[in-house]
Amino acid sequence: MMTAELSRTQPDEDRRLVLRCLGLALAGGAGTMLLSSFGRPALAADVPAKPVWPKDAFTCKDEASALKALGWEAPVASDKITLVLPEIAENGAVVPVSITAAMPDVRSIAVMIPDNPFTLTALFPLAAGTAPDIACRVKMAKTAKVVAIVAAGGKLYSATRDVKVTLGGCG
Amino acid sequence: MASTIRVRAIAADGNVEVQSLIRHPMDSGFMKNDKGQIIPAHFIQTVTFETKGKIVFTAFWGPAISKDPYLKFSYQGGAKGDPLTISWTDNEGMSDTLTTKVA
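Chain B appears in an unreviewed UniProt entry as Sulfur oxidation protein SoxZ from Acidisphaera rubrifaciens HS-AP3.

In the annotation of an unreviewed UniProt entry, chain A is listed under the name Sulfur oxidation protein and assigned to Acidisphaera rubrifaciens HS-AP3.

Shown next, in the form of structure tokens:
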């Protein structure tokens, strides 16, 4: 008698235990999913389905507020970023910039020129499979520093170079 | 009118290197014309490169990008003959699109 009863209830309790574990796992999963979906925009610049120009960030007039508008913290200087710029730019209207990042999982690259009227010059959110190696040309108002900021693996890195501008090119 | 976009995409070992040149004034809004009037800001804000329904590269630009902007990048997983669509939009709502083939 007893054994028969036991064998009847036991599987039932087992099942309940399994269900409870499953529920916990599901809740945990949902929690982390929620967290990551909240966490991501803060670290910004995952490739959006429909890219929307981040107006707030582009209208900032100094580096700190531009970083803030992007939801970024202060970056750490890194020698893994290769920022190539001319030492002397004769024409500030066309200054070639190239940026290569040697770290894994690069999500986006930003170019900032804090002495220009607007700090943020370019922002490149990278798709998976796109190499963290880009080149473009920027305008510089005067002799100033150029900062490349790389968001990789949830962290922010930067590299800075000074460029002497002979003829300002804010036009 | 010819397209404002010129692009060259070359595949090598599954990697596609893309170089593009767009014809655009990229006025910063700080320059004056001959009469001393300020030329209003007019610049490209977003450029996207799309291949086989996937955006491989996005560029967000401010007014400090040079006139007739040049851009170079590369992506993996592309092959010769793939279509590559380049689109840009500027702050006045103008835009242009060009589809090319990876060479």
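Let us keep going from here.
Participant: Hey, could you run me through the sheet that holds strand E1 (residues 5-12) of chain B in this one?
Facilitator: One key point about sheets: their strands pair by backbone hydrogen bonds, in either a parallel or an antiparallel sense. Read from one edge of the open sheet, six strands run E2(A)-E4(A)-E7(A)-E5(B)-E2(B)-E1(B), paired in antiparallel fashion. Two strands in the sheet have a free side with no partner beyond their single neighbour: strand E2 (81-84) of chain A together with E1 of chain B. Along the sheet, successive strands turn relative to each other by an average axial angle of 15 degrees, direction set aside.

Participant: Even after reading the chapter, I still don't get the pattern of salt bridges, so can you show me in this structure?
Facilitator: Where charged atoms of side chains with opposite charge meet at close range, the side chains can pair. Residues and elements named next belong to chain A. Inspection of every chain in the model, using the stated rule, returns three salt bridges over all chains. Between lysine 145 and glutamate 63 there is a salt bridge whose closest N-O contact spans 3.9 Å. One end of the pair, lysine 145, is in strand E8 (residues 144-152); the other, glutamate 63, is in helix H3 (residues 63-69), and 82 residues separate them in sequence. Arginine 107 is the salt-bridge partner of aspartate 105, the closest N and O atoms lying 3.4 Å from each other.

Participant: It is not clear to me how the packing of aromatic side chains should be interpreted in this structure. Could you clarify?
Facilitator: The geometry of an aromatic ring pair comes down to the distance between the two centres and the angle between the two planes. Under the defined criterion, the tally for this structure stands at eight aromatic pairs over all chains. When the centroid spacing of 5.9 Å and the interplanar angle of 55 degrees are considered together, the rings of phenylalanine 118 of chain A and phenylalanine 30 of chain B count as tilted. Linking phenylalanine 118 of chain A in the loop between strand E5 (106-112) and strand E6 (120-125) with phenylalanine 30 of chain B in the loop between strand E2 (15-22) and strand E3 (44-51), this pair reaches from one chain into another. Its relative accessible area of 39% is what places phenylalanine 30 of chain B among the partly exposed residues. Ring geometry for phenylalanine 57 of chain B versus phenylalanine 73 of chain B: centroids 4.1 Å apart, planes at 10 degrees, classification stacked. In this pair, phenylalanine 57 of chain B is assigned in strand E4 (residues 54-61) and phenylalanine 73 of chain B in strand E5 (residues 70-76), connecting sequence segments 16 residues apart.

Participant: What is the right way to read the interface of chain B and chain A from this model?
Facilitator: Where interface size is quoted, it is often the accessible area lost as the parts come together. Across the contact, 30 residues belong to chain B and 34 residues belong to chain A. Interface area for chain B against chain A, summed over the two sides, is near 2500 Å², with a carbon-plus-sulfur share of 63%. Looking only at chain B, the three residues that lose the most surface to chain A are Phe60, Ala64 and Ser66 of chain B, adding up to 25% of its buried area. Here chain B and chain A share zero salt bridges between them. When contributions to the side of chain B that touches chain A are tallied by element, the ones reaching two or more residues are E3, E4 and E5 of chain B. Across the side of chain B that touches chain A, the residue classes tally to 18 nonpolar, nine polar and three charged. Where E6 of chain A and E4 of chain B come together, two bridges link them in antiparallel fashion. For alanine 122 of chain A, the partnering residue across the bridge sits in E4 of chain B and is tryptophan 61 of chain B.

Participant: Is there a simple way to explain the side chain of threonine 130 of chain A in this structure?
Facilitator: Structurally, threonine 130 of chain A is set in the loop between E6 and strand E7 (133-138). Within the structure, the side chain of threonine 130 of chain A is placed 2.5 Å from the backbone oxygen of valine 56 of chain B, a separation counted as a polar contact. What threonine 130 of chain A contacts, discounting residues up to four positions off in sequence, is Val56, Phe57, Phe73, Ser74 and Tyr75 of chain B.

Participant: Would you mind going over the nonpolar core with me for this structure?
Facilitator: What tends to happen in soluble globular proteins is that the nonpolar side chains get buried as a cluster. Residues Phe124 of chain A together with Phe49, Phe57 and Trp61 of chain B are the most contacted members of the largest nonpolar core, which totals 67 residues. The element best represented in this core is E8 of chain A, accounting for eight residues. In this structure, tryptophan 61 of chain B is in contact with Trp53, Phe58, Thr121, Ala122 and Phe124 of chain A together with Met26, Phe43, Ile44, Gln45, Val47, Pro69 and Leu71 of chain B, ignoring residues within four places of it in sequence.

Participant: I keep staring at unusual backbone geometry and nothing clicks. Help me out?
Facilitator: Residues apart from glycine generally show negative phi values, whereas peptide bonds are mostly found in trans. All names here are of chain B. Even without being glycine, aspartate 13 reaches a positive phi, approximately 55 degrees. Assignment of secondary structure puts aspartate 13 in the loop between E1 and E2. With phi around 50 degrees, lysine 52 is a residue other than glycine that occupies positive phi space. Checked against the element boundaries, lysine 52 lands in the loop between E3 and E4. A residue is classified by how much of its surface remains accessible, and lysine 52, at 57% relative accessible area, is exposed.

Participant: Where do I start with the environment of valine 95 of chain A in this structure?
Facilitator: Assignment of secondary structure puts valine 95 of chain A in strand E4 (residues 95-101). Valine 95 of chain A sits 70 residues away from valine 165 of chain A along the chain, and the two C-alpha atoms are 9.1 Å apart. Discounting residues that sit within four places of it in the chain, valine 95 of chain A has contacts with Leu85, Pro86, Ala89, Cys136, Arg137, Val138 and Met140 of chain A together with Ser66 of chain B.

The rules behind the values
Per chain, residues are indexed from 1 in the order of the written sequence. Each chain takes a letter, starting from A, and each ligand takes a number, starting from 1, following the order in which they are written. A pLDDT threshold of at least 70 governs which residues receive local features in this predicted model, and a stricter bar of 80 or more applies before side-chain atom pairs are shown or counted, although totals over entire chains, interfaces and linings include all residues. Calculated side-chain values reflect all of the structure's heavy atoms, with hydrogen atoms and water omitted. Strands pair, by our definition, only if DSSP identifies at least two bridges between them. Helix and strand labels come from DSSP, where a helix needs a run of H or I of at least four residues and a strand needs a run of E of at least two; each type is numbered from the N terminus. Fitted lines through C-alpha atoms give the axes, limited to the stretch in contact for helices. The angle between two N-to-C directions lies from 0 to 180 degrees. Should a side-chain nitrogen of Lys or Arg be within 4 Å of a carboxyl oxygen of Asp or Glu, the pair is scored as a salt bridge. Centre distance within 6.5 Å is the pairing criterion for rings of Phe, Tyr and Trp, where only the six-membered ring of Trp is used; planes under 30 degrees apart are then read as stacked, over 60 as edge-to-face, and the remainder as tilted. Buried, partly exposed and exposed residues are distinguished by accessible area as a fraction of the type maximum, computed with a 1.4 Å probe on protein chains only: under 20%, between the cut-offs, and over 50%, respectively. The contact criterion used throughout is that any non-hydrogen atoms of two residues lie within 4.5 Å. Simply put, the buried area is the total loss of 1.4 Å probe accessible area from both parts when two parts are fitted together. For this scheme, ten residues count as nonpolar: Ala, Val, Leu, Ile, Met, Phe, Trp, Tyr, Cys and Pro. Four count as charged, namely Asp, Glu, Lys and Arg, and the remainder, Gly too, count as polar. In protein, a polar contact means a hydrogen-donor-capable atom and an acceptor-capable atom, both N or O and within 3.5 Å, with residues adjacent in sequence counting only if both atoms are side-chain atoms; elsewhere, any N or O pair within 3.5 Å suffices. Nine residue types can take part in a nonpolar core, namely buried Ala, Val, Leu, Ile, Met, Phe, Trp, Tyr and Cys, and a core is a set of them joined through side-chain atoms within 4.5 Å.

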